[in-house]
Number of protein chains: 2
Amino acid sequence: MSTPIIVQKFGGTSVANLDRMRNVADVVAAERDLGHHVVVVVSAMSGETNRLVALAHDAVEEPPPRELDALVATGEQVSTALLAMILSQRGIPARSILGYQMGLRTTGAHTRARITEFDRRTFDQAFAEGTVLVAAGFQGVDPEGDVTTLGRGGSDTTAVAIAAGLGASFCDIYTDVDGVYTADPNVVSNARLLEKIAYEEMLELASLGAKVLQIRSVELAMKYEVPVRVRNSFTRSAGTLLTKEDADMEGVAVQGVSLDRNDAKISLRRVPDQPGVASKIFTPLSEAGIVVDMIIQNASEDGKTDLTFTVPKTDLKQATRIVEKLAQEIGIHRVETAPDIAKVSIVGVGMRSHAGVATRTFSVLAQEGINIQMISTSEIKISVVIDEKYAELAVRSLHEVFELHKEPKARTSWT
Amino acid sequence: MSTPIIVQKFGGTSVANLDRMRNVADVVAAERDLGHHVVVVVSAMSGETNRLVALAHDAVEEPPPRELDALVATGEQVSTALLAMILSQRGIPARSILGYQMGLRTTGAHTRARITEFDRRTFDQAFAEGTVLVAAGFQGVDPEGDVTTLGRGGSDTTAVAIAAGLGASFCDIYTDVDGVYTADPNVVSNARLLEKIAYEEMLELASLGAKVLQIRSVELAMKYEVPVRVRNSFTRSAGTLLTKEDADMEGVAVQGVSLDRNDAKISLRRVPDQPGVASKIFTPLSEAGIVVDMIIQNASEDGKTDLTFTVPKTDLKQATRIVEKLAQEIGIHRVETAPDIAKVSIVGVGMRSHAGVATRTFSVLAQEGINIQMISTSEIKISVVIDEKYAELAVRSLHEVFELHKEPKARTSWT
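Residues numbered from 1 in each chain as written. Chains lettered and ligands numbered in written order. Predicted model: local features only at pLDDT ≥ 70, side-chain atom pairs only at ≥ 80, totals over all residues.

1. Concerning the domain arrangement of chain A
Residues and elements named next belong to chain A.
Step number 1: By domain assignment, chain A separates into domain 1 (5–244) and domain 2 (247–402).
Step number 2: Each of domain 1 and domain 2 has a C-alpha centre, and the two are 32 Å apart.
Step number 3: At the junction of the two partners, domain 1 supplies 17 residues and domain 2 supplies 18 residues.
Step number 4: Every element with two or more residues in the side of domain 1 that touches domain 2 is listed here: strand 10 (196–198) and helix 7 (199–207).
Step number 5: Taken together, the residues of the side of domain 1 that touches domain 2 sort by class into eleven nonpolar, two polar and four charged. (Domains from an automatic or database assignment. Contact = placed C-beta atoms within 7 Å. Helix = DSSP H or I, 4+ residues; strand = E, 2+ residues; numbered from the N terminus. Nonpolar A, V, L, I, M, F, W, Y, C, P; charged D, E, K, R; others polar.)

Right under this line is the structure:
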């Protein structure tokens, strides 16, 4: 049997300074001592990417994306070189490696490029030599040979892509939390660490603002069925395994509750209910790069309807300007905005076979006197938008009623 | 006639912060407005290379050279990207370009690699587009595709190599001084700015510690006869032109006086005067990477001789340890060290045809009561080692007696 390959990714907080890098070297050494081939992927030292982006914005108002990528990619170049030095001194043969050196090709979409391929020969050669490659996350090269980056959290995607390409046994994403919890432990004190979670559940949680992994890395892991473990580089916990949905999981109605405070709400009152109106409203928003999340349209009355949607809080001003301009053109009665909302979601692949989840969710919130402003559902998720001041209360109540602090088998049976 | 190509190199102080980079953009714009093709080569922002080297030494005792190169090369990557942004915002189409992107190949000697070739197609394409390429100085890639660096001041060499390869009309090295002077203006208040200087003279000055240009860049400029101008990016002076020796220069006995305080002296008393002894002494020094500069051996007496040589002050301790160990093996009577010496040199291609320069030098120093400890001469240079406390006095006296503050034609005629 061939030697198992383990890809280890260390985030910014895990390589924040030289002491923490020495801790990372211990983690690498421990894995290597098990006789595994180890590939390390690192992010920039924490704060470094922000510092470089700020520098670019001090230099010019709108940094050209190509140059911004060349600039911020240096963050990972620094941390890979330093970690390779520390590993070498520890007696572990190690080499840093940049995007272009591993043939990590991406699309040319600067600041949000997508990986198209990489050259596994460099890795195979390193395995043959017993050398640990310390690969720069977040960066690649486009067809022009220019440096590109993969967007915030892109190092996760680099790690998963390399793990997929190499057929790794595990892709371990080391971070500063023990894994994925049933809810944010800062909000719910008895939140429980999940031993495993289905890719689809993780995808919903990632997109709902639980910022453990870059969403694209989860999509990639799901596509290639890469066993990803979210682990803590400080406690070296076993962490949470991302895996295919299995029979166990189907028995669990709700895996977790997530909270997202990053959106704001815009309501358009008495919109003419004519074909093409929605397109007239959402096309300019999309063209401005504003991502609209939830959309609700009420039943029409007198040929007029109400339209409510959410956008990132950071885009609220710009979105409001755009729709207020449209309001005159289209004949919308009034534009109302609400920045103080929160989105609370419950996620679980078991919801597919548990019909009562939605009902129980709504009744719990009603009991607590929390008004639901918007609802959105998928097969494995129910999201509600509520007043932001009730956010923690809602999360704690739902966590309690679904007994998420207990092992799934110990929970009250209900449908 | 084809459009002239100008290569402009900006050192660390010229790109020390964003304001200075904006000043650099003005210099680039002015050159471009003359209708020239412009290539820009930049160093790291001043202090950045030192910061990165210190970080490496904080990480491990002896940073592996390959990783050190990958680390420090980020300094230039940052400044090129920022300058390209600033040029673009100013309406000048610009692109940053790294070593690997211009096919700038070097030997594999990390931290002191030599350029072997580069690909001019990238530059020709940019000229055709009217784009200014902002090339990272100091860095290249070796045959393995790994990042290499060219040693301190290596960006000068990058600029000259590119100028040579492109057949540039001028390679302008922008720095924070107005050009090359007859002596250090901080020591000699009436030091005169040289309009031009022969490559060979500059080579001697560079090697004598006048740190205007990296010595290798001068060698390269001489080899390919690249017209190099040393200019001030703040005052935008016409600067000093490095050129082939011409008839004018031959008439000038002395071009300048330089002062080097970086060396220390080691004297070995009563060394057995046997074949192979010198080799026994200097081989271990060379193997330890210590560069021995001047060597003097006295006439032998009783089969014993005295041997005196200079090494960089920073290597004095290590060199002393090495020779003290040898002293016992070889049977050397005593090892004496003197850190407080200075080397004063006068340089000029005209010396070849002016016999009296040496005599006058020695007599001036004698008149001032300065004892000469060592003498070394070449066809175009006389160097003397003296007590460090007389260094400024010696430089000023020589500058005065050879009338270097005057235009060459206005000087007293003598041979």
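We are not done yet, so read on.
2. As for the sheet that holds strand 17 (residues 334–338) of chain B
Residues and elements named next belong to chain B.
Step number 1: In spatial order, the strands read 15-16-14-17; together these four strands make up an open sheet with antiparallel pairing. Both outer strands of the open sheet, strand 15 (295–297) and strand 17, are each paired with one neighbouring strand and no more. Averaged over all pairs of adjacent strands, the angle between strand axes in this sheet comes to 15°, irrespective of strand direction.
Step number 2: Here three bridges tie strand 15 to strand 16 (residues 304–312), and the two strands are oriented antiparallel to one another. Within the sheet, the bridge partner assigned to Ile 296 lies in strand 16 and is Thr 308. (Pairing = 2+ DSSP bridges. Axes fitted to C-alpha atoms, helices over the stretch in contact; angles between N-to-C directions.)

3. A look at the relation of the copies chain A and chain B
Step number 1: The operation relating chain A to chain B is a screw motion whose rotation component is 180°, with 0.1 Å of axial translation and a residual RMSD of 0.1 Å. Interpreted geometrically, this transformation is the action of a two-fold axis. Of every C-alpha in chain A, the one belonging to A:Thr74 sits nearest the axis of rotation, 2.7 Å from it.
Step number 2: Residue by residue, 100% of the interface of chain A is reproduced at the interface of chain B, so both copies engage with the same surface. (Least-squares fit on C-alpha atoms with pLDDT ≥ 70 in both.)

4. Digging into the environment of A:Leu326
Residue and element names in this part refer to chain A.
Step number 1: Relative to the elements of secondary structure, Leu 326 occurs in helix 11 (residues 316–330).
Step number 2: Residue classification places Leu 326 among the buried positions, given that 20 C-beta atoms sit within 10 Å.
Step number 3: Considering only alpha carbons, one finds Leu 326 and Leu 404, 78 residues apart in sequence, at a separation of 45 Å.
Step number 4: In this structure Leu 326 touches Lys 280, Ile 281 and Pro 284, once residues within four positions along its chain are discounted. (Buried ≥ 20, exposed ≤ 12 C-beta atoms within 10 Å, placed from the backbone.)

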